[in-house]
Amino acid sequence: MSNAIESVLVENRVFPPPEAAVKSARISGMAAYQAMCNEAEKDFEGFWARLARDNVVWTKPFTKTLNESNAPFYKWFEDGELNASANCLDKHIGTPVENKTAIVFEADDGAVTQVTYKELLARVSQFANALKAQGIKKGDRVIVYMPMTIEGVVAMQACARIGATHSVVFGGFSAKSLQERIIDAGAVAVITANFQMRGGKELGLKSIVDEALAMGGCDTIKNVLVYMRTPTTCNMVAGRDKTFTEVLQGQSTECKPEPVNAEHPLFILYTSGSTGKPKGVQHSTGGYLLWANLTMQWTFDIKPQDVFWCTADIGWITGHTYVAYGPLAAGATEVIFEGVPTYPHAGRFWQMIEKHKVTVFYTAPTAIRSLIKAAETDEKVHPKNWNLTSLRILGTVGEPINPEAWMWYHRNVGGEKCPIVDTFWQTETGGHMITPLPGATPTVPGSCTLPLPGIMAAIVDEQGHDMPNGSGGMLVVKRPWPSMIRTIWGDPERFKKSYFPEEMGGKLYLAGDGAVRDAQRGYFRITGRIDDVLNVSGHRLGTMEIESALVSKTDLVAEAAVVGRPDDLTGEAVCAFVVLKRPRPTGDEAKKIADELRAWVGKEIGPIAKPKDIRFGDNLPKTRSGKIMRRLLRSIAKGDAITQDTSTLENPAILEQLAQKS
Ligand code: 6R9
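Just so it is clear, the structure is predicted and the values come from calculations on it, not from any experiment. (Residues numbered from 1 in each chain as written. Predicted model: local features only at pLDDT ≥ 70, side-chain atom pairs only at ≥ 80, totals over all residues. Heavy atoms only, no water.)

**Remarks on the overall build of the chain**
Rule in force here: Counting from the N terminus, the helices are the DSSP runs of H or I reaching at least four residues and the strands are the DSSP runs of E reaching at least two. Every radius of gyration here is taken over C-alpha atoms, with the globule rule written as 2.2 Å times N^0.38, N being the number of residues. It only takes one pair of heavy atoms within 4.5 Å for two residues to be counted as in contact. Only four residue types enter the tally: Lys and Arg on the positive side, Asp and Glu on the negative side; His and the chain ends are excluded. Every charge is mapped onto a representative atom, which is NZ of Lys, CZ of Arg, CG of Asp or CD of Glu.
Per the secondary structure count, the chain includes 20 helices and 30 strands. Against the 2.2 N^0.38 benchmark of 26 Å for 662 residues, the chain shows a C-alpha radius of gyration of 24 Å, consistent with a compact globule. The principal-axis extents of the C-alpha atoms in the chain amount to approximately 75 × 65 × 60 Å. Within the chain, contacts between residues separated by at least 24 positions form 71% of all contacts whose residues are at least 6 apart in sequence. Averaged over its 73 positive side-chain charges, the chain has a centre that lies 1 Å from the centre of its 74 negative ones.

In structure tokens, the structure reads:
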């Protein structure tokens, strides 16, 4: 049994939801939760239809709930029409929400700007008109390569308003990654900023867009729209590039939202998979929006007086569902933060919670772990120095949270009174899947507990058979759900193969994670990815992507294999085994080449993909048929003794060489 599985079976700390939370919660108590699960079991389509009628504003009501005729290409609410932006903004006009603060934006330097729902609607509408004036129309793909700003959300909402499909690329991705996404999506425009501010530094964004477009193949791009985040000028190409000020000039602040079909692609978001090529995860409008809104209500129990803060960047799915859409659909006040948690000091998050009286705080385990470390070395940045009593619910997402970090978060941030919702979900799932409910579920550190009502999660073996509680297996979802991935953009075959493998009957959604349920409560605990995807600081990275980047340095690298190893701070760390086209380097030379390769990977993919460890060998451990034995490399990376069977290995002597750190 693995350590992870063993520890979930012995974890016996249970935290019942605080009475106050149970009293006020929308889903109050386990009986209420169970009743909703039963409703979904008994009348699956009726359950979803009811929720979709109650929680989405349809310009044309749907009459069909679920179409499974072309499974796994499921369709939800397929004859309904709506607009996502109207569901986030227009619907609040004429209600008490219209003059409420929608976004509190805190810049890197601490400057605060606020917009009300009414003002946000005007800004989104004006920008939507500007997009139309550039010839951008319904169905076009638009790349958003923006820093965390109100303008980033405005850009996404404006695309949604005119029916254009956005594809946000995280500002930390390289020119090469950006170029690949532009080409794959066939995008007509890029919305970007001159610079982004992070940790007091001005970092170029427009220059990276220029570089990406200069790489070629991006002829579909007709417009680059530039938000001048700082006064510093940037290169502007006449005819192609325009500032926000230029395009907004003279545009009306009213724009009728374009009704789209429920299945219309709201966005494409690229994520890493098992091959070298990122997958363009395509999401719908109707089902996605329903779940973004509902999970805000169920998981975060969002109320009119709440101040919600999700720290994720809009470049990730968490920033889509719980920054750009969910909080607005739910009519909440949300905080958006431009900077980094450690600038100007590692107490910045706690300071901001106090300053903005945040009530629901949602962040990643990796951030918590790094802030624990900072607080342990410097008392001055410990959360106890700030008044955090406004908090009522805490959340985590992105990777498994270790029980120690959970307990620290519970004690030092939540003051032992805030339920922690450990939300398991994925880019592909659109929103939360397995998570405690703050007013119902007793929590257990390190467990994401139980699936939300209507989410038929299970654990199965390789053939798709159910595993008993206590035995680990693969996490699957047995029935479709409204916010699920619709396809991989331009590659429906890959969609089928990746998520609905024939070997398992073709009907189960395969999450790609291992999981185990405890015997007592049936609580889920995620044990990590079972494919070639790493999770570094909550960011998904494909080992094959990094390998491809390394071997593309053709003057130096002959062969490379990338694996993950456990890391206290980042969850997993990237470990690369490299064979050079020259004799195996040692000492200073090895260090120098390793640095060069790290910089190369940073340029090819982005700084987040830089390998932490690089080891050089004369060769890699291979089977006689030439397959790299990655499981051996994983043991070496971890520093474990090799206990596996090495009899099929062509070159056993190589193991010793690779075990030496350069
Ligand atoms: C939302 C998001 C998805 C992968 C997923 C899993 C890991 C996310 C988790 C978790 C344990 C949690 N993951 N939440 N593991 N507990 N609460 O992170 O999407 O970037 O696509 O990553 O992250 O491995 O498969 P994405």
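**Things to note about the state of the cysteines**
To keep things clear, this is the line we draw: The term disulfide is used for any two cysteine sulfur atoms that are within 2.5 Å. Residue burial is assigned from relative accessible area. The probe radius is 1.4 Å, only protein chains are included, and a residue is buried under 20% of its type maximum, exposed over 50%, and partly exposed in between.
With the rule as written, the count across this model stands at zero disulfides. Distance from the sulfur of cysteine 37, which forms no disulfide, to the nearest cysteine sulfur (cysteine 448) is 14 Å. Cysteine 37 gets classed as buried once you look at its relative accessible area, which sits at 14%.

**So, the packing of helix α11 (residues 286–298) against helix α12 (residues 317–329)**
Just so we agree on the cut-off: Every angle, taken between N-to-C directions, lies between 0 and 180 degrees, and every axis is a line fitted to C-alpha atoms, over only the stretch in contact when it is a helix. We call two directions roughly parallel when the angle between them is under 35 degrees, roughly antiparallel when it is over 145, roughly perpendicular when it lies between 65 and 115, and oblique otherwise.
At a closest axis distance of 8 Å, the pairing of α11 and α12 adopts a crossing angle of 80°. Here α12 runs roughly perpendicular to α11, going by the angle between their axes. Of the residues in α12, those touching α11 at Tyr288, Leu289, Ala292, Asn293, Thr295 and Met296 are His320, Thr321, Tyr322, Tyr325, Gly326, Pro327 and Ala329.

**Points about the pairing of strand β16 (residues 307–310)**
Stated formally: Think of it this way: DSSP has to see at least two bridges between two strands before they count as a pair. With its strands directed away from the observer, a crossover is right-handed exactly when the path from the first strand over the helix to the second travels clockwise.
Side chains of β16 alternate between two faces, with Val307 and Trp309 and Phe308 and Cys310 buried alike. Both β16 and strand β17 (residues 333–337) contribute to a ladder of three bridges, which runs parallel. Residue pairing for β17: phenylalanine 308 is matched across the bridge by glutamate 334. In the classification by handedness, the crossover that spans β16, the intervening α12 and the parallel β17 is right-handed.

**As for the sheet that holds strand β21 (residues 457–460)**
Read across the sheet, four strands follow the order β21-β22-β24-β25 without closing on themselves; strand pairing throughout is antiparallel. If you trace the sheet from one side to the other, it starts and ends with β21 and β25 (524–529), each paired once. On average, each strand axis in the sheet is tilted by 45° relative to the strand beside it, whichever way the strands run. Sheet topology places β21 next to strand β22 (residues 473–477); four bridges connect them, and they run antiparallel. Each bridged residue has a counterpart across the sheet, and for valine 460 the counterpart in β22 is methionine 474.

**Focus on helix α15 (residues 403–413)**
In terms of burial, α15 is a largely internal element, eight of the eleven residues being buried. Buried within α15 are the following residues: Pro403, Ala405, Trp406, Met407, Trp408, Tyr409, His410 and Val413. Where α15 is buried, its residues contact α13 (348–356), β18 (360–363), α14 (365–377), β19 (393–397), β20 (420–423) and β25. Glycine 415 occupies a position one or two residues after α15 and carries a positive phi of about 55°.

**Some remarks on helix α6 (residues 117–133)**
Operational definition: To estimate how far a helix should reach, multiply one less than its number of residues by 1.5 Å.
The first and last C-alpha atoms of α6 sit 24 Å apart over 17 residues, in line with the 24 Å expected at 1.5 Å per residue. Restricting attention to buried positions, one finds in α6 the residues Tyr117, Leu120, Leu121, Val124, Ser125, Gln126, Phe127, Ala128, Asn129, Ala130 and Leu131. Just beyond α6, the residue with positive phi is glycine 135, at close to 90°.

**Side note on the confidence of the model for the chain**
Basically, it comes down to this: Confidence of the predictor in every single residue is expressed as pLDDT, which spans 0 to 100.
Confidence in the prediction for the chain averages 95 pLDDT; 98% of positions are at 70 or higher. Residue range residues 1–8 is modelled with pLDDT below 50. Its contacts to residues more than four positions away, or to other chains, number ten contacts. Here the complex is predicted with pTM 0.93, and the ipTM for its interfaces comes to 1.00.

**Overview of the UniProt feature "binding site: CoA" (unreviewed entry) in the chain**
Cut-off, in case you're wondering: UniProt positions are given in the numbering used here, feature names are shortened, and annotations may be inferred rather than shown by experiment.
With numbering matched to this structure, UniProt assigns "binding site: CoA" (unreviewed entry) to Arg198, Gly199, Gly200, Lys201, Thr318 and Ser537. Look at the named residues: they lie 340 residues apart in sequence, and the longest C-alpha span between them is 24.8 Å, so in the fold they stay spread out. Tracing the chain through its elements places arginine 198 in strand β9 (residues 195–198). With a relative accessible area of 29%, arginine 198 lands in the partly exposed category. In this structure, arginine 198 is in contact with Asp108, Leu203, Glu338, Gly339 and Val340, ignoring residues within four places of it in sequence. Here serine 537 shows up in the loop between β26 (533–536) and β27 (539–542).

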